[in-house]
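Structural overview for review
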Amino acid sequence: MPKLRWAAAALAALAALYAAVTVPAALRPAEGVDTVLFFDGVCNLCDGFVNFVADHDSSRRVRFGAIQRHADALHRAGAGRYAEGGAEALSTLVVTQGDAFYLRSDAALRVIALLDAPFCYVAAFHALPAALRDAGYRLVARYRYKLFGASDTCRAPTERFKSRFLEYEPELEFVNKF
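Here is a short report on the structure shown in this document. Treat the numbers as computed from the prediction; the structure is a model and nothing was measured. Numbering of residues starts from 1 in every chain and runs along the sequence as written. Selection of residues for local features in this predicted model requires a pLDDT of at least 70, selection of side-chain atom pairs for listing and counting requires 80 or more, and totals for whole chains, interfaces and linings are taken over all residues. Excluding hydrogens and water, the side-chain figures rest on all heavy atoms present in the structure.

**Describing the overall build of the chain**
Numbering goes from the N terminus for both helices and strands, where a helix is a DSSP run of H or I of at least four residues and a strand is a run of E of at least two. Along the backbone of the chain there are six helices and four strands. Listing the helices and strands of the chain from first to last along the sequence gives α-β-α-β-α-β-β-α-α-α. Seen through its C-alpha atoms, the chain measures out along the principal axes to roughly 75 × 35 × 30 Å. Restricting the contact set of the chain to residue pairs at least 6 apart, pairs at least 24 apart contribute 66%. A 1.4 Å probe and the Shrake-Rupley method give the accessible areas. Residues count as covered only by the protein chains that appear here. For the chain, the exposed surface amounts to about 10,400 Å²; the carbon and sulfur share of it is 61%. Here the positive residues are Lys and Arg and the negative ones are Asp and Glu; neither His nor the chain ends is included. Lys charges are placed at NZ, Arg charges at CZ, Asp charges at CG and Glu charges at CD. Looking at charge distribution, the chain has the averaged site of its 21 positive side-chain charges lying 9 Å from that of its 19 negative ones. Between two residues, a contact is recorded if the distance between any of their heavy atoms is within 4.5 Å.

Right, here's the structure in full:
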């Protein structure tokens, strides 16, 4: 029996390693396809996720926009019901990649797949059933303000990664320096 347990554990480890290597690559968009992460700009958990992504996406593949500021972009992407004032406003992260949009755990894991190693390997959780992943996501989302707090306003991006936000306009930065 111990040999059978050891073999089962080794097989599970190999399966996890295989998923950690293959799943992130499968979730990444084709070269040249923009990835935009729309987040609740007053949610401290969401702000923390954006900071984490910015710190661990050395290729700068992910851009950011607060849901509260970009309802028009969400409507254009077909995700208007998640924009402020929509039927499911501020209930989820929204990620757009080209013409497609993703929600909840799919959105988070697609962004995580774009991060530097070892963080991108967390995207292997995409191999779990979506219903299970999204149940956990909805539970955290429901209590995120109680657990992590909220800000009174959308945060202003720091100089460090201001250019990664949708509202960044480099010509205005140049004008404001003079």
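Here the narrative resumes.
**Brief notes about helix α4 (residues 104–112)**
With respect to burial, α4 is a largely interior element, eight of its nine residues being buried. Within α4, the full set of buried residues consists of Arg-104, Ser-105, Ala-107, Ala-108, Leu-109, Arg-110, Val-111 and Ile-112. Buried, partly exposed and exposed residues are distinguished by accessible area as a fraction of the type maximum, computed with a 1.4 Å probe on protein chains only: under 20%, between the cut-offs, and over 50%, respectively.

**Re the pairing of strand β1 (residues 35–39)**
Where burial is concerned, most of β1 is hidden: five out of the five residues are buried. Because side chains alternate across β1, one face comprises the buried residues Thr-35, Leu-37 and Phe-39, and the other comprises Val-36 and Phe-38, equally buried. Two elements, β1 and strand β2 (residues 62–66), share five bridges in a ladder whose sense is parallel. Of the residues in β2, the one forming a bridge with Val-36 is Arg-63. Convention used here: a crossover is right-handed provided that the path from the first strand, over the helix, to the second strand proceeds clockwise when the strands point away from the viewer. Note that the unit made of β1, helix α2 (residues 44–56) and β2 has a crossover that is right-handed. The rule for pairing is simple: two strands pair if DSSP sees at least two bridges between them. With four bridges joining them, β1 and strand β3 (residues 94–97) adopt antiparallel strand pairing.

**So, the sheet that holds strand β4 (residues 100–103)**
In spatial order, the strands read β2-β1-β3-β4; together these four strands make up an open sheet with mixed pairing. A strand with exactly one partner marks an edge of an open sheet, and here the two such strands are β2 and β4. Strand after strand, the sheet turns through a mean of 25° between neighbouring axes, direction not considered. Across the sheet, α2 lies against β1 and β2, angled at about 155° from β1, the strand it touches most. Note on geometry: axes are C-alpha line fits, over the in-contact stretch for helices, and angles between N-to-C directions span 0 to 180 degrees. On the sheet, α4 packs against β1, β2, β3 and β4 and is oriented at approximately 110° with respect to β4.

**What about a nonpolar patch on the surface?**
Each patch is built from salt-bridge-free residues with over 30% relative accessible area, joining like charges within 9 Å and nonpolar side chains (Val, Leu, Ile, Met, Phe, Trp, Tyr) within 5 Å. The term salt bridge refers to a pairing of a side-chain nitrogen on Lys or Arg with a carboxyl oxygen on Asp or Glu at a separation within 4 Å. A contiguous nonpolar surface patch, about 470 Å² in accessible area, is contributed by Leu-139, Val-140, Tyr-143, Leu-147 and Phe-148. Here Phe-148 shows up in helix α5 (residues 130–148). Residue classification places Phe-148 among the partly exposed positions, given a relative accessible area of 40%.

**Comments concerning the layout of surface pockets**
Points on a 1 Å grid over protein atoms alone make up a cavity when a 1.4 Å probe fits among them but cannot get out, and a pocket when they form an open set with protein on both sides within 12 Å along at least five of seven lines; lining residues each have an atom within 4 Å of a point. Grid points are joined across faces, edges and corners, and a volume is the space filled by probe spheres set on the points. There is about 390 Å³ of room inside the largest pocket. Among the elements of the structure, α2, α4 and α5 are those that each provide at least two residues to the lining of the largest pocket. With six residues, α5 is the largest single contributor of residues to the lining of the largest pocket. All amino acids are sorted into three groups, where Ala, Val, Leu, Ile, Met, Phe, Trp, Tyr, Cys and Pro are nonpolar, Asp, Glu, Lys and Arg are charged, and the leftover types, Gly among them, are polar. Across the lining of the largest pocket, the residue classes break down as 12 nonpolar, four polar and three charged. There is about 240 Å³ of room inside the second largest pocket. As for the second largest pocket, its lining consists of 13 residues, and the residues nearest its centre are Ala-30, Glu-31, Gly-32, Val-33 and Arg-61. Class assignment of the residues belonging to the lining of the second largest pocket gives a composition of four nonpolar, three polar and six charged.

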